Every structure is written in C-alpha cells, then in structure tokens.
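# Residue-level structure breakdown
Listed here are the chains, written in short residue letters.
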Amino acid sequence: MKKLKKMEGNQFLLAITIILFFVMYIIGMIVFGEKGFSKTQVFLNLFISNAGLIVIATSMTIVLITGGIDISVGSVVAMTCMILAYMMENKGVGAVPAVLFVLFIGLVFGLVQGFLVAYMKIQPFIVTLAGMFFARGMTAIISTDMISIKNETFLSWAQAKMYFPIGGYVNKKGIIVNPYIYPSVLIALIVLVIIFIMLKYTKFGRSIYAIGGNEQSALLMGLNVRRTKLKVYILNGFLAAFGGFLFCLNTCSGFVEQAKGFEMEAIASAVIGGTLLTGGVGNVFGSLFGVLIKGTIETFINFQGTLSSWWTKITIAALLAFFIILQSVFAKAKEKKK
Amino acid sequence: MSSSKSLIKKVTGFRLFLPLACLFLVLIINVIKTPTFFNITIQNGVLYGYIIDVINRGSELVIFAVGMTLVVAASGGTDISVGAVSALAGAVCCFVLSGGEQSTDFYHAPYILGVVAAILIGAICGAWNGFLVAKLKIQPMVATLILFTAGRGIAQLLTDGQMIYLRVDHFKMLGASIPGVPLPTPVFVAIIVVILTYFLLKKTALGLYIETVGCNSKAARLVGLNSTAIKFLTYTFCGFCSGIAGLIITSRVYSIDANNAGLNLELDAILAVALGGNSLGGGKFSLLGSVIGAYTIQALTTTLYAMSISADQIPVYKAIVVVIIVTLQSPEFTKMRTALAAKIASGKTAKEAA
C-alpha cells in the first residue's frame, strides 16, 4: 500500500498523458469518423510522420533526466539531412557509407558538447545553444539550396512498405488494402525499447537517474558523474544524428530551414510525458505519448481542414501549460505531505 | 615588478574585463578587415557608418538583454519567450493602429494607444511567465516554453497569418530617426531603458534584493524578502522590455511578420547576458556587462555581414566565438590554467634547486 502511494505522483502523470492521448483519439474518431479518422492507417501515420521525433524525444528525455538540456537537436537533424543529401547527390557516395559517416559526425558532435558540459562545467543550455548555431550554420555552408535525394538504395529504404496482415479494409475497387508502416517506424520503436531497458536495468541507466536526482549525492556515492554525463551527451549526439537519418527517410531532402523548432517539440513531448526538467524523473514511454499527442493534434487540424497551422502551436502550448501546472500542483502536494 | 603584476591582476580581475576585451577584439578585427569601420558620414542630416549601424541595430538586443539580466539574476533561469512576446506585442500594436486592415496609410486609433497596448501585452505575457515561475515554482525554461510556442501562434491568429503594413511616416520614426536628430531613435530608447533600469536598481534596494533572491531564494525569504514578488517583478519587467523591443522591431519595417519578428533574438539576448560575465545560475549580476555583451554580439554580426558572409552561415562563427569566450570564462578553465602555472613554477624551482 505504501509503495502504491509512493508511485502515485509520477506514475499518475504518465497515466494522465496516456489517457489523454486515447481520449483525444476517440474524440477524433467520433468527430471525423466519416472522413476516415478511424482507419488503422491514420493511427499508423502518427508513427510514420514522427519516427525521427520519437528517437529525438527519447534521447532528449535521457539528457533531461541528468538535469541537462540539449537545444541543438533540431539543427543537428537539419545538418544530418543536408550531409546525407549532399554526399549522396553531389558527391556520389553510397547510401551506407553516407549514413555511417553521419552517425560518426553525430558522435563527435556529442563528444564535444559533452566535454564542454561535463568537464568544463559550462551550462548545457549555452553549450547546446552554440551547438545549435553551429549545426544550422554548417548546414548553410554545405549548401543553401534544397537538395532532393534520388539515391536508389536510400529511396528503397524510405519506401519499403511493411504491411500488416490484419486490419485492412476493402477499397472502392474491391481490393483489400492492408495498413502499412515504413521500416523507420520499426527502427524508432526498437531504439525506444533499447533505451527504456538501458535506463531501467543497466548500471549506466541507474547512474543517470542518480545524477539527475542529486548530483552531489551521486558523487559522494562514488559515481563518476563527469564520465556518465559525457557518455550521455555522446549517446545523445549519436541518437540526434540517428533521428535525423530517420527524419530524412521521411522527407528525402536536405535544406537549411529543415526541422526548425524540433528541439522545442522534443522538449515539449518529454514534458507532456512527465519528465521533469530539474532532472531525476522521466520515462521514455511518456515521451512517446507526448509525441503521439502532438501528432494527433496535427492530424486533427489536417482533418478539420479550415483551421490554420498556427492552431497547432497554440494547442500544444495550452497542453504544455496544463501539464506543467499539473506537475507543479503534484510537487506542491508532495512537499506538504512531508 | 610586484606592483606591475598586481596592476595586471587588478585589470584582469575587474569584472567587466573579459566582456570589454571581447568587444575590443571584435572591433580591432573590424578595423583591420575594413579600415573604414569607424568612418562616420552625414547623409540627410543623419549619421551613417558601420559603428553607427552596430549601435543602432544593437538597440533591441540591449533592451532584451536588460530584461533578461534581471530574470537570470533573480531566478537563475532564462526567459526564452522574449522573441515571441516581442512579435506578439508588435502584432497587437499593428492590429490596434490598422484597425484590422492589412495595409493602411493612416492610423485607425491614436498612436499612443498602439504603443500602450503593445507594452501592456508585453507586461501581461511577462506577468504570466512570472506567475508560473514565482508562484507555481516551475523551472523558468519550461514555463517560458509555453509562450515561446504560443506567442507567435497568437500573433498569427491576430494578423490572420498575413503581414500588416502601416505606411505612415510617423510610425517609422521609432525605428528610423526623428527629423533633425542625427542619431537613430532606437539608440535613444535603448539608452533610456538602460539608464532608467540602472537607477531603479541602484537608487533603490531592488538591485540588492534581486541578487539576494538569486543567490538563495529560501534564505532571502527567511530574512524577510518576498522572493515570490521579486521574481514575479523581474519577469514582468522582462515582458515589458520585450514589448518595447517589439515596437522598435515593428517600426523598423513598418509592418509585422509574426513568423519572423524577433526570431532567435532570445538566444542572442541570453548570449549577451552570458558574454557580459553574468552567471546563468543567478545571483550577482552586472547590467553594464550585459549591455556590452549585447553590443559585442551585434558588432560580431555586423562584422560578418561586412565580410559578406551570408546570413545563414553567420551562426557558425557566432557559435565558435561563443564557445571560446564561455570556455575562457568558466571556472574549470581557470582552475586548469592555475594548476598548469603552478606546475611550471614548481618545475622551475626544482630546476633551480638542482
């Protein structure tokens, strides 16, 4: 019983997020049912269009748990797409080496940021702010034009549909159309599960929570705070590049303005999913639902048709406000109990 | 020998030494690259030149930086909504003055009403942030993330996603110059904001209160300061500053583009505060440092433009400069340097002894 009460606060927030997602979705099915909102494919599209964001939000969650922040991810995604497009289209590099190179760049990017944060003790916000400028500017230095990817191998990855055997519907011509996903979705979900297991069951994962909860105590406990933080930022850089790759599979192009505001979407998703920015608390599955909620709002606006795109921003902000205030109410209630 | 050493120490130990050194460095690079940098010419009774341009264009940044400094000092967090709030304030001003029309040649409402509305909306946004941070104790970055996301959305809602043009000569004065005055108007606005804030902080105990709250919010409450009210006040003030900056931004182009007005200025403002030698963790602050930081960033931007680097590529150089400066200022680096110096010194004495 005591344990149940202890779990309450954070688990409760996560539960609210999940319930909210389903409630929103059911409302959508009722309101836009005739337009096809209830099709399985619409649900799967949420994952398809947000595969990159799922990975980015996952890695953002890890960074937030350590009490840090990374606002460079959006720019890193743009840089990744640009490098991929540039290497494959203008330099004729194969798809596999291009992707490996991009992932390597991500690692190096994370290493530099991690070194500055963990060893030079500069605020993560400032370091990643510089990283954000750097990556976005680099994108522009590589090319200011939009480059579309026409590499066959890459396109075959991007367009390989994976059909589900069930849940199909019969279209007008009488052919059964089964719902499908792209490989990027599967990869994103695998990354999510791996990170979840890592956070929950490995020594590294537990030390991330410990550092976020109280850095001083973690240090006194004998954890190598600096090295753990460095590792987190390296992992984050890698995942940012990886998310960029998945994002690129969806857009198949590279341009300077790409993925602008991505970092804020990732942070908002994590916060909606119950991650605290003070560190120590967070769950990657919460962030997944944060991403899905954002996707649902966008789908709503698409289906509604007459609403303008800025309603997405306003609704997400309103949701953010709701969750943030809820978090603070819970925190206050906890304090009072003490 | 020892006296000269102590003099050097005194100079380098001066709080504003690094920010000032950075500014000078940027200016010197400018003079080498473009010898005409400090030339000032008069055209139509208005001063022209690179240096005037830096001072003029830097005005909004200075105003943002003033508000941001106080927010950082009091709460140890940053307000990332200032750019969006300034866009919203500009949109409100244009909306009031144009009476909802997309393009107009005359005011539909008194000018002062538009100004008051803009500043008021800025202050309201600031108060909302302040309420979340001070009263509900939400981390500043998350709390201001709400308006960061929503601000431009609301502004677009107001302008219906279109640009609103105000083709009235009087409206352009705030962003350009008043006839007969040789300096651009934004410069004066920035100076007034800085001076008023400075005196408000120095002549009253407010500056001290803010530092106290920033150093230790709990301790400040225990000695009888109302931490909540002071934090709330700084955020409201920051919103107020964003409102003023929004007016200047709008007036410069006599129109409002809710998507791009004040874009990324929150980042520049935070950088200005950091470059000014202020700790982003809160506590002691230097208003003058932030102002110098703001002009440094503007000088850097203008330099890069003068070197004909495209606007898209500028961030790379900005990032490199920022990393270098922030690393130089970090206490870890100082520790490393002193450790290295001690090692060399001990090596020397060991050699001498041998």
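This text gives an overview of the structure that appears in the document. For clarity, every value in this text was computed on a predicted model and none was experimentally measured. (Residues numbered from 1 in each chain as written. Chains lettered and ligands numbered in written order. Predicted model: local features only at pLDDT ≥ 70, side-chain atom pairs only at ≥ 80, totals over all residues. Heavy atoms only, no water.)

## Examining the overall build of chain A
Helix and strand counts for chain A come out as 14 helices and six strands. For a compact globule of 338 residues, the expected C-alpha radius of gyration is about 20 Å, and chain A comes in at 21 Å, within 12% of that figure. With respect to the three principal axes, the spread of C-alpha positions in chain A is 65 × 50 × 35 Å. Per-residue burial for chain A yields a buried fraction of 54% across its 338 residues. In chain A, the share of contacts with a sequence separation of at least 24, taken over all contacts with a separation of at least 6, comes to 75%. Across chain A, the 28 positively charged side chains and the 12 negatively charged ones have centroids separated by 12 Å. (Helix = DSSP H or I, 4+ residues; strand = E, 2+ residues; numbered from the N terminus. Rg over C-alpha atoms; globule rule 2.2 N^0.38 Å. Buried < 20%, exposed > 50% of the residue type's maximum accessible area, 1.4 Å probe, protein only. Contact = heavy atoms within 4.5 Å. Lys, Arg positive; Asp, Glu negative; His and termini not counted. Charge placed at Lys NZ, Arg CZ, Asp CG, Glu CD.)

## What about a nonpolar patch on the surface?
Residues and elements named next belong to chain A. Among the surface-exposed residues, Ile19, Phe22, Val23, Ile26, Ile27, Met29, Ile30 and Val31 lie close enough to one another that they form a single nonpolar patch of about 740 Å² accessible area. Inspection of the secondary structure assignment puts Phe22 in helix α1 (residues 2-31). Here Phe22 falls in the partly exposed class, since its relative accessible area comes to 44%. (Patch = residues over 30% accessible without salt bridge, like charges linked within 9 Å, V, L, I, M, F, W, Y side chains within 5 Å. Areas by Shrake-Rupley, 256 points an atom, 1.4 Å probe, with all protein chains shown as cover. Salt bridge = Lys/Arg side-chain N within 4 Å of Asp/Glu carboxyl O.)

## Quick word on the packing of aromatic side chains
For the structure on display, the rule yields 30 aromatic pairs over all chains. Taken together, a centroid distance of 6.1 Å and an interplanar angle of 50° make the contact between Phe154 of chain A and Trp157 of chain A tilted. Taken as a pair, Phe154 of chain A and Trp157 of chain A lie in helix α7 (residues 152-159) at a separation of three residues, close to a single helical turn. Phe154 of chain A gets classed as buried once you look at its relative accessible area, which sits at 0%. Taken together, a centroid distance of 5.3 Å and an interplanar angle of 80° make the contact between Phe322 of chain A and Phe323 of chain A edge-to-face. What makes Phe322 of chain A partly exposed here is its relative accessible area of 42%. Over the ring of Tyr165 of chain B we find Arg167 of chain B; its NZ or CZ atom is 4.6 Å from the centre of that ring. (Phe/Tyr/Trp six-rings, centres within 6.5 Å; stacked < 30°, edge-to-face > 60°. Lys NZ or Arg CZ within 6 Å of the ring centre and 35° of its normal.)

## Regarding a positive patch on the surface
A cluster of basic residues, Lys332 and Lys336 of chain A together with Lys135, Lys137, Lys218 and Arg221 of chain B, forms a positive patch on the protein surface. Counting only elements with at least two residues in the positive patch, the list comes to α14 (310-337) of chain A together with α10 (217-222) of chain B.

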